[in-house]
Amino acid sequence: MTQGTAAAVVADPAAAAAISVRELSVRFDTEAGGVTALDRVGFEVPEGGFVTMLGPSGCGKSTLLRAIADLVPIAGGAIEVFGRTPEQARRARDFAFVFQDATLLPWRSAVDNVRLPLEVGRRAGQVKQHAEAEELLALVGLEGREDALPHELSGGMRQRVSIARALVYRPRVLLMDEPFGALDELKRDKLNEELLRIWRETGTTVMFVTHSVPEAAFLGQKCLVLSAQPGRVREYVDIEFASPRVLGMRDTLEFVQVTAHLRGLLEEA
Amino acid sequence: MAAASMEGKGAGRDSTEPRPTRDSRSLRAADVTAAERNAGAARVERRGARWRHRHAPAVFAAIGMLALWQIVVAGFAVPTYIAPSPVQVLQVFVEQGDILWLNFWPTLLEAVAGFALGNSIAVVLAVWFVHNRLAERAFYPIAVFVNTIPIIAVAPILVLMLGNGYAPKIVIAALICFFPTLVNMVRGLKAVSPQMLELMRVLSASDREILWKIRLQSSLPFLFAALKIASTTCVIGAIVGEWIGSNYGLGSLIIEATYNFRAPLLYATVILGAGLAVAFFVTTTLVERRVLKWKPGAVF
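Not measured: the values here are computed from a predicted model.

**A closer look at the nonpolar core**
Step number 1: Formed by 146 residues in total, the largest nonpolar core has its most connected members in Leu64(A), Ile68(A), Leu175(A) and Met207(A).
Step number 2: Once residues within four sequence positions are removed from consideration, Leu175(A) is found in contact with Ile19(A), Leu65(A), Ile68(A), Ala69(A), Phe95(A), Ala96(A), Phe97(A), Val98(A) and Met207(A).
Step number 3: Residues Val154(B), Ala155(B), Leu158(B) and Val240(B) belong to the second largest nonpolar core, which totals five residues.

Here it is, written out as structure tokens:
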């Protein structure tokens, strides 16, 4: 399904880091006292790379992603997104965030939902470059549904709209927090394959949180496995499969070995 | 780089997901063909049949009760000043229609003006409360306190303050609309999902942008719930205002008819007032249906 013409932007391992996290700690204050969600976490995401994040529930995967997105204050250490702090990166629109729910405005059509980021924010109206909303809807396979309201779309289609919306201002990094977690397996497979295609075609750096081991192995060039309470890096696994990846490859011995390794790490974590 | 590569779009369009539009589109096309035009007529017919099926019991019950009323009043020879018969009330509409309509317009005007004034102030105040916690803490309890005073007790105060003209009636109608709208609007403006607010933060949106793009729209189902209440209570407010001190309007006509034992006129006035409230309510509902075409209350 991948076309040879698609400019495949494969990350060069020596490329500059898109995201670099050093000694990151995040603490939450609860009534019972402070809870350390993340404890001295460090890793780098290469530019143009696709990194998945796995970990037992409560290990702080989402917190880590939200700290990068400037949605959670950090207690210690540093995060850099293309050399900027999360706040600077947010204001510069360096990254986009895709939530587990599509989070669409129910009164706006698909195409108007995709355009929302162009209408708000400091740079609204003067966004330097942006993609056409219609083109993006086609990119995510929603050609002909531009004028549909969210309640007229299925769950998978709504999530596609939210991915198109994330891409509309051409972010350099796409942060995805279990975006397909609420979908059934068939739709999830389909969207996984399409996400890889979109990633290759746009050259965006992707960080993807999931709790599905096969999903983490299928999508990621690297997989960051976290351990729980407090969240620490268990292992940063390189995943090397022939490109482009196709769903059928999940039955190969190679793939099963990788998932077995990841699962082992999760059980120890 | 992305623009060029996006040309290779749609490579992986999936066909497993439902595509309702395609169906509805072919349906729309079918409507146009002459052969299918009869089907459209049949649909209208069916809708009429469903309407009849649904509302016929209420219509028959109403007719039955009116008939019973007529029979009881006539059969027991109830004096007209105690309870007039439906026919006598109908006669008032025919013979004294000019008095009724003369007093109808002021009440309509007061109700509409009160509705507009009360709801506008409530909406503006709700927006202020949502953006300023201190203002909410300071004035919300006062709004609750004002609401607990019976309108019938406030009315004389307002007449003393504002005189005998339209002003006190409009203010009373506004006051009675105000509180439900304030409460609902504050809730509606706050009913934005936390995730939507996080999205707006990622987009570095300002409070003003969040208000205009998100909060106001998502509060509309809450606002209309309140407006439907207000659409009937504003008529009550206007009539109560006219009771206290006025020589025009349906409220004053009610008082006058009561003191002069003109029961048929009293009944006719009451029916006209109720009709006004119903008309107002139906109008609000129709506007709501137009404005809230997206599924109200649904969050995605």
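On we go from here.
**Digging into helix α6 (residues 133-148) of chain B**
Residues and elements named next belong to chain B.
Step number 1: In a regular helix each residue adds 1.5 Å, so 16 residues correspond to 22 Å; α6 covers 23 Å between its end C-alpha atoms and thus fits that length.
Step number 2: The largest bend in α6 is about 30°, located at Phe139, with the proline Pro141 one to four residues further on.
Step number 3: Along α6, the residues that are buried comprise Ala135, Glu136, Tyr140 and Ala143.
Step number 4: Where α6 is buried, its residues touch α5 (97-131) and α8 (166-190).

**Comments concerning the sheet that holds strand β6 (residues 173-177) of chain A**
Residues and elements named next belong to chain A.
Step number 1: Taken in spatial order, the six strands of this open sheet run β5-β6-β7-β3-β8-β9, and their pairing is mixed. In the strand order of this sheet, the two ends are held by β5 (95-98) and β9 (232-238), each with one partner. Looking at each pair of strands side by side, their axes are set apart by 15° on average, direction ignored.
Step number 2: Contacts from helix α6 (residues 185-202) reach β3 (50-54), β6 and β7 (205-209) within the one sheet, and its direction differs from that of β3 by about 140°.

**Let's talk about the packing of aromatic side chains**
Step number 1: Across all of its chains, the model carries 15 aromatic pairs over all chains by this definition.
Step number 2: Where Phe50(A) meets Phe208(A), the ring centres are 6.1 Å apart and the plane angle is 40°; that geometry is what we call tilted. With Phe50(A) in strand β3 and Phe208(A) in strand β7, the pair connects residues that are 158 residues apart, well separated along the chain. Both residues of the pair, Phe50(A) and Phe208(A), count as buried.
Step number 3: Taken together, a centroid distance of 6.2 Å and an interplanar angle of 85° make the contact between Tyr81(B) and Phe261(B) edge-to-face. Highlighted residues: Tyr81(B) in the loop between α3 (37-75) and α4 (86-95) and Phe261(B) in the loop between α11 (249-259) and α12 (263-291), separated in sequence by 180 residues. No difference in accessibility class separates Tyr81(B) from Phe261(B), as the two residues are exposed.
Step number 4: The ring centre of Tyr236(A) lies 4.3 Å from the NZ or CZ of Lys222(A), which sits over that ring.

**Notes on the pattern of salt bridges**
Residue and element names in this part refer to chain A.
Step number 1: In this structure the tally under the stated criterion is 20 salt bridges over all chains.
Step number 2: The salt bridge involving Arg84 is made with Asp94; its shortest N-O contact spans 2.9 Å. Of this pair, Arg84 sits in the loop between β4 (76-81) and α2 (86-91) while Asp94 sits in the loop between α2 and β5; the two residues are 10 residues apart in sequence, bridging distant segments of the chain.
Step number 3: Arg197 is the partner of Glu201 in a salt bridge, and the nearest nitrogen-oxygen pair spans 3.6 Å. Placement of both Glu201 and Arg197 in helix α6 is noted, with a separation of four residues, approximately one turn of the helix.
Step number 4: Under the relative-accessibility criterion, Glu201 is labelled buried at 2%.
Step number 5: Given a relative accessible area of 2%, Arg197 falls into the buried group.

**Concerning the confidence of the model for chain A**
Residue and element names in this part refer to chain A.
Step number 1: Summing up the model confidence of chain A, the mean pLDDT is 82 and the portion of residues at 70 or higher is 91%.
Step number 2: Looking across chain A, the model is least confident in β9, with a mean pLDDT of 80, and most confident in β7, with 93.
Step number 3: With pLDDT under 50 throughout, residues 1-14 is counted as low confidence; its partners more than four residues away or in other chains account for 21 contacts.

**What to know about a nonpolar patch on the surface**
All names here are of chain B.
Step number 1: On the surface, Trp128, Phe139, Ile142, Phe145, Val146 and Ile149 cluster together into a nonpolar patch covering about 550 Å² of accessible area.
Step number 2: Broken down by element, the nonpolar patch gets its largest block of residues, four residues, from α6.
Step number 3: Topologically, Trp128 is positioned in helix α5.

**A word on the pairing of strand β1 (residues 17-30) of chain A**
Residues and elements named next belong to chain A.
Step number 1: Inspection of the sheet shows β1 paired to strand β2 (residues 33-46) by 10 bridges, in the antiparallel sense. Across the sheet, residue Asp29 finds its bridge partner in β2, namely Gly34.
Step number 2: Two successive antiparallel strands, β1 and β2, enclose a turn made up of two residues.
Step number 3: In the sheet, β1 pairs with β4 via five bridges, with the strands oriented antiparallel. If you follow Ser20 over to β4, its bridge partner there is Glu80.

**Thoughts on unusual backbone geometry**
Residue and element names in this part refer to chain A.
Step number 1: One non-glycine residue, Asp70, adopts positive backbone phi at about 65°.
Step number 2: The phi dihedral of Phe82 falls on the positive side, at around 50°, and the residue is not glycine.
Step number 3: Here Phe82 shows up in the loop between β4 and α2.

**Quick notes on the sheet that holds β2(A)**
Residue and element names in this part refer to chain A.
Step number 1: In spatial order, the strands read β2-β1-β4; together these three strands make up an open sheet with antiparallel pairing. Each of the sheet's edge strands pairs with one partner strand only, and the pair in question is β2 and β4. Between one strand axis and the next, the sheet turns by 25° as a mean value, whatever way the strands run.
Step number 2: Running over the sheet, helix α1 (residues 61-68) touches β1, β2 and β4 and is turned about 115° from β1.

Thresholds, definitions, all that
Residues numbered from 1 in each chain as written. Chains lettered and ligands numbered in written order. Predicted model: local features only at pLDDT ≥ 70, side-chain atom pairs only at ≥ 80, totals over all residues. Heavy atoms only, no water. Core = buried A, V, L, I, M, F, W, Y, C linked by side-chain atoms within 4.5 Å. Buried < 20%, exposed > 50% of the residue type's maximum accessible area, 1.4 Å probe, protein only. Contact = heavy atoms within 4.5 Å. Helix = DSSP H or I, 4+ residues; strand = E, 2+ residues; numbered from the N terminus. Expected span 1.5 Å × (residues − 1). Bend = angle between axes of the 7 residues up to and from the residue. Pairing = 2+ DSSP bridges. Axes fitted to C-alpha atoms, helices over the stretch in contact; angles between N-to-C directions. Phe/Tyr/Trp six-rings, centres within 6.5 Å; stacked < 30°, edge-to-face > 60°. Lys NZ or Arg CZ within 6 Å of the ring centre and 35° of its normal. Salt bridge = Lys/Arg side-chain N within 4 Å of Asp/Glu carboxyl O. pLDDT = per-residue confidence, 0-100. Patch = residues over 30% accessible without salt bridge, like charges linked within 9 Å, V, L, I, M, F, W, Y side chains within 5 Å. Areas by Shrake-Rupley, 256 points an atom, 1.4 Å probe, with all protein chains shown as cover.

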